[in-house]
Amino acid sequence: MGVRAVAGAGVVSAACGPFASGERPGVAPSQVPATIRLRLYTGSPARAQAYDQAFVEWKKESPQITLEPELTESAGPHTQALLAQLAGGTPPDAAVSDDVDGTIDLALDGVLLPLDDQMKAARVSRDEFAPGAIDYANVRGKQYGLPSNGYTTLLFYNRELFQKSNVPLPPANGSWRWNDLQEAALKLTRRDSGSPQNSQWGLLPSFQTRYDIPSVIWQNGGTMTDSRESPSRTTLDQPRSVEALQWMVDLRQRHQVMPSPQERQAL
């Protein structure tokens, strides 16, 4: 069948059409019986329940197409199983992937099947999806996956602490900028050098390399590498990237609006 697998970033994508073994003359593709192997990971009971409900609806709407889900509980084992299937020549027809780098690599290696023709035939437009999500699995102008969910970075704040410190609440219109966040964090910080338990910090950001650091760099107009699809070097030494990284470091080292590693351990 020349089956090629799927992947995308938090994305579901079909790797081959369900009728890759040959369409029947005079019969609409949607009426041709077929079986689709679908590799997924559940991640949580709620997500597993959502999949079960989706499979029930699928059977109602497309009874002639049989789904064979291959489920694992978490992303790590799921990715390992998918790569093993690819290496063994037994890939699924479709799969979910959270790994943008892996998706790009598989697409460039010719493992994935572009979905542009299928999307056009089904009248599925890129405009139906959030720009960042749909671009995740777009490689060299071709679409290799469709978003099934997404991730973002959120800022939670304690309204009571803001009010007690007479600090204006973050505006509902999202007009806050880095300087506004930094200024509020400075006003909210109450440090007791002898007792971390009696201290109050204005900010507790995450510094995850995969999500948070790139997010700040991109917000500032910087980049991580010279090319998204075929990177040859990092660009963390470029002005906008350096500025973003310096801002994050200054929050802890210069402005001290967050607990130090020692203080966090004491807590």
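Counting starts from 1 at the beginning of each chain's written sequence and moves along it residue by residue. Since the coordinates come from a predicted model, pLDDT governs what is reported: local features require at least 70, and pairs of side-chain atoms require 80 or more to be given and counted, while whole-chain, interface and lining totals use all residues. Only hydrogens and water are set aside; all other atoms, that is, all heavy atoms of the structure, feed into the side-chain values.

Q: Which residues make up the overall build of the protein chain, and what values do they have?
A: Within the protein chain one finds ten helices and seven strands. Burial classes: relative accessible area under 20% of the type maximum marks a residue as buried, over 50% as exposed, and values in between as partly exposed (1.4 Å probe, protein chains only). Here the protein chain holds 267 residues, and 34% of them are scored as buried. Carbon and sulfur atoms provide 52% of the accessible area of the protein chain, an area that totals close to 16300 Å². Note on conventions: DSSP H or I runs of at least 4 residues are helices, E runs of at least 2 residues are strands, and numbering of each starts at the N terminus. Here, Shrake-Rupley sampling with a 1.4 Å probe gives the accessible areas, and only protein chains in the shown set may cover a residue.

Q: Give me the pairing of strand 4 (residues 94-97): which residues, what numbers.
A: Of the two faces of strand 4, the one holding Ala94 and Val96 and the one holding Ala95 and Ser97 are both buried throughout. A strand pair is defined by DSSP finding two or more bridges across the two strands. Pairing geometry for strand 2 (residues 34-41) and strand 4, over two bridges, is parallel. Across the sheet, residue Arg39 finds its bridge partner in strand 4, namely Ala95.

Q: Can you explain the environment of Val242? Please cite residues and give values.
A: Assignment of secondary structure puts Val242 in helix 9 (residues 239-253). Distance in space between the C-alpha atoms of Val242 and Gly222 is 8.3 Å, their sequence separation being 20 residues. Contacts are assigned to residue pairs with any non-hydrogen atoms lying within 4.5 Å of each other. Contacts of Val242, omitting those with residues within four sequence positions, involve Leu236 and Asp237.

Q: Describe the confidence of the model for the protein chain, naming the residues involved and giving the relevant values.
A: As a per-residue measure, pLDDT reflects the predictor's confidence and takes values from 0 up to 100. Averaged over the protein chain, the pLDDT score is 84; the fraction of residues at 70 or greater is 88%. The secondary-structure element of the protein chain with the lowest mean pLDDT is strand 1 (residues 11-14), recorded at 41, while helix 7 (residues 178-188) shows the highest, at 95. Throughout residues 1-27 the model reports pLDDT below 50, and contacts reaching past four residues in sequence, or to other chains, amount to 96 contacts.

Q: I'd love a proper account of the packing of aromatic side chains, names of residues and values included.
A: Pairing of aromatic rings covers Phe, Tyr and the six-membered ring of Trp, with a centre-to-centre limit of 6.5 Å; geometry is then stacked below 30 degrees between planes, edge-to-face above 60, and tilted otherwise. On inspection of all chains with the given rule, the structure shows three aromatic pairs. With 6.2 Å between their ring centres and 10 degrees between their planes, Tyr51 and Phe55 make a pair best called stacked. With Tyr51 and Phe55 both in helix 1 (residues 45-61) and four residues apart, the pair spans about one turn of that helix. Tyr51 gets classed as buried once you look at its relative accessible area, which sits at 14%. Centre to centre, the rings of Tyr157 and Phe162 are 5.4 Å apart; their planes meet at 65 degrees, and the pair counts as edge-to-face. In this scheme, the term charge over a ring applies when either NZ of a lysine or CZ of an arginine sits within 6 Å of the ring centre and within 35 degrees of the ring normal. Sitting above the plane of the Tyr41 ring, Arg47 keeps its charged end 4.6 Å from the centroid.

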